[in-house]
Amino acid sequence: MMGTGNGGFSATGLRRLREVLAGHVESGRIPGLVALISRGGETHVEAIGTMRHEGGPPMRRDTIFRMASTSKPVSIAAAMVLLDECRLRLDDPVEPWLPELADRRVLKRIDGPLDDTVPARRPITVRDVLTSTFGLGMDMTVLGTPIMGAIFEQGLTPNLPEPMPEPDEWMRRLGTLPLMHQPGERWQYQISSDLVGVLVARVTGQSFETFLRERIFDPLGMKDTGFHVPADKVDRLPTLYAPDPQTGEFHVWDEAEGGRWSQPPAFQGGGGGLVSTADDYHAYFRMLLNGGMHGSERILSRPAVELMTTNRLTPEQQVARTAMARDNVHISFGQGQHGGWGFGMAVRTYRGDYAYEGQFGWDGGSGTSTYADPDKQLTGILLTQVGASVPSSTWAFHDFWTTVYQAIDD
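To keep things clear, this report deals only with the structure shown in the data block. (Residues numbered from 1 in each chain as written. Predicted model: local features only at pLDDT ≥ 70, side-chain atom pairs only at ≥ 80, totals over all residues. Heavy atoms only, no water.)

1. Quick look at the overall build of the protein
Logical step 1: In terms of helices and strands, the protein carries 12 helices and 16 strands.
Logical step 2: Scaling as 2.2 N^0.38, a compact globule of 410 residues should have a C-alpha radius of gyration of about 22 Å, and the protein matches this with 20 Å.
Logical step 3: Dimensions of the protein along its principal axes, counting C-alpha atoms only, are 60 × 50 × 40 Å.
Logical step 4: Here the contacts in the protein between residues at least 6 apart in sequence split such that 68% fall between residues at least 24 apart.
Logical step 5: Split by element, the accessible area of the protein, about 16,200 Å² in all, is 51% carbon and sulfur.
Logical step 6: If you average the places of the 38 positive and of the 50 negative side-chain charges in the protein, the two averages end up 3 Å apart. (Helix = DSSP H or I, 4+ residues; strand = E, 2+ residues; numbered from the N terminus. Rg over C-alpha atoms; globule rule 2.2 N^0.38 Å. Contact = heavy atoms within 4.5 Å. Areas by Shrake-Rupley, 256 points an atom, 1.4 Å probe, with all protein chains shown as cover. Lys, Arg positive; Asp, Glu negative; His and termini not counted. Charge placed at Lys NZ, Arg CZ, Asp CG, Glu CD.)

2. Thoughts on the packing of aromatic side chains
Logical step 1: Applying the stated rule across the entire model yields 14 aromatic pairs.
Logical step 2: With 4.9 Å between their ring centres and 70 degrees between their planes, Phe400 and Trp401 make a pair best called edge-to-face. Considered together, Phe400 and Trp401 belong to a single accessibility category, that of buried residues.
Logical step 3: Aromatic ring contacts, followed pair by pair, group Tyr356, Tyr371, Phe400, Trp401 and Tyr405 into a single cluster.
Logical step 4: Its guanidinium or amino end placed over the ring of Tyr356, Arg351 lies 4.0 Å from that ring's centre, counting from NZ or CZ. (Phe/Tyr/Trp six-rings, centres within 6.5 Å; stacked < 30°, edge-to-face > 60°. Buried < 20%, exposed > 50% of the residue type's maximum accessible area, 1.4 Å probe, protein only. Lys NZ or Arg CZ within 6 Å of the ring centre and 35° of its normal.)

3. What to know about the layout of surface pockets
Logical step 1: Looking at the second largest pocket, its volume works out to about 280 Å³.
Logical step 2: Considering the residues around the second largest pocket, the lining is formed by 18 residues, among which Gly334, Gln335, Arg348, Asp353 and His398 are closest to the centre.
Logical step 3: Examining the composition of the lining of the second largest pocket, we find that 4 residues originate from one element, helix α12 (residues 392-407), more than from any other.
Logical step 4: Grouping the amino acids of the lining of the second largest pocket by side-chain chemistry returns 6 nonpolar, 9 polar and 3 charged. (1 Å grid on protein atoms, 1.4 Å probe; cavity = no way out; pocket = protein on both sides within 12 Å on 5 of 7 lines; lining within 4 Å. Points joined across faces, edges and corners; volume = space filled by probe spheres on them. Nonpolar A, V, L, I, M, F, W, Y, C, P; charged D, E, K, R; others polar.)

4. Quick notes on helix α8 (residues 278-289)
Logical step 1: In a regular helix each residue adds 1.5 Å, so 12 residues correspond to 16 Å; α8 covers 16 Å between its end C-alpha atoms and thus fits that length.
Logical step 2: Most of α8 is tucked away, with 10 of its 12 residues classed as buried.
Logical step 3: With its phi angle positive at about 65 degrees, Gly291 sits one or two positions after the end of α8. (Expected span 1.5 Å × (residues − 1).)

5. Re the packing of helix α1 (residues 11-26) against α12
Logical step 1: Two numbers describe how α1 lies on α12: the axes approach to 8 Å, and their chain directions differ by 170 degrees. By the angle between their directions, the pair α1 and α12 is classed as roughly antiparallel. For the pair α1 and α12, contact is made by Gly13, Leu14, Arg16, Leu17, Val20, Leu21 and His24 and by Ser392, Trp395, Ala396, Asp399, Phe400, Thr403, Val404, Gln406 and Ala407, respectively.
Logical step 2: Along the lines of polarity and charge, the residues of the contact of α1 with α12 split into 9 nonpolar, 5 polar and 2 charged. (Axes fitted to C-alpha atoms, helices over the stretch in contact; angles between N-to-C directions. Parallel < 35°, antiparallel > 145°, perpendicular 65-115°, else oblique.)

6. Things to note about the side chain of Lys72
Logical step 1: Note that Lys72 resides in helix α2 (residues 72-84).
Logical step 2: Of the side chains with opposite charge, Asp194 comes closest to the buried, unpaired Lys72, at an N-O distance of 6.8 Å.
Logical step 3: One polar contact links Lys72 to Ser69, side chain to side chain, over a distance of 2.9 Å.
Logical step 4: A distance of 2.7 Å separates the side chain of Lys72 from the backbone oxygen of Gly271, its partner in a polar contact.
Logical step 5: With residues near it in sequence (within four places) discarded, Lys72 still touches Tyr189, Gln190, Ser193, Gly270, Gly271, Gly344 and Trp362. (Salt bridge = Lys/Arg side-chain N within 4 Å of Asp/Glu carboxyl O. Polar contact = N/O pair within 3.5 Å; in protein donor to acceptor, adjacent residues only side chain to side chain.)

Next up, the structure:
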């Protein structure tokens, strides 16, 4: 336990938080975790358990985690820098930078053949890409359709046996597919977050990682954040597990040594490629809570932060997103039920559990959860490396947020 004084957390609440998290580790379902909560000037960190299922070194505050989809709220900041500098405009078409997405065709029916299409009603804009509404995405409600089959076959998503190809080839493949929906019509997951990285790289003439490092990571002191783990830090990276959904048996999904994150990737995935630490992510989310400021340095403008962290979906889009989350709880184990979406992150638009409206952030399929709450001036980060093939890490998220909000003592 670290911290001095209560910072608006009760001692009883912090004790319960630790007991609940320790219970998840002692159950044998989560080898180890790192949790960080902060409010005002107070930060509390818990590091519980071990780096491997069978033991090994203990989890530490500086353990490096595969952030999976919690990459999305961080990687989107690169695009916000470009908006702030007027190098991108929200309603400009993306074609000058992403010519592969010119002259789109759109499926007549989501489950129809790939050649049964109509022309797109308008070009894809920067706004469509940033709000995840450009027309293609990972839709778990239409698995088995020709378009979802094609997305997997083309290797356009992470987590397949083959890593994603380098960005120009990835764009070429993306350009061969019709859109699932008209541009701007429907919120869809994942692909837009990877597309943002390609867009940033082409606008800036730098790699996505280089631009993120110069404009976001270095100014915030995020020294352990990137798209791979260098050899001199690999001992700080735990094993990632994807337990068997039937038996619960621990299967290794990625080893630290020689694993997927041991070398720079061909594709720097804004949707799920980052590795980071609790303290690095804390610096980022605290900057958002501070309206774009880090100490005396401005990282993003206040309007940019407000755009990212408030709901951008229309009422119709929100209905569809809420329905998708609510009707998929057997897959998501109850995650994703926030109502809204900003740029690169969920935004809570209704009170459905212990968290307050306005809370923003996201969760990752590698067992990571990262949110901030502007109303309570609260940041919470829970990092495990148990993948969402089983509900273990998601149950820990739910209990983490329940105890975090219980611990607030005003």
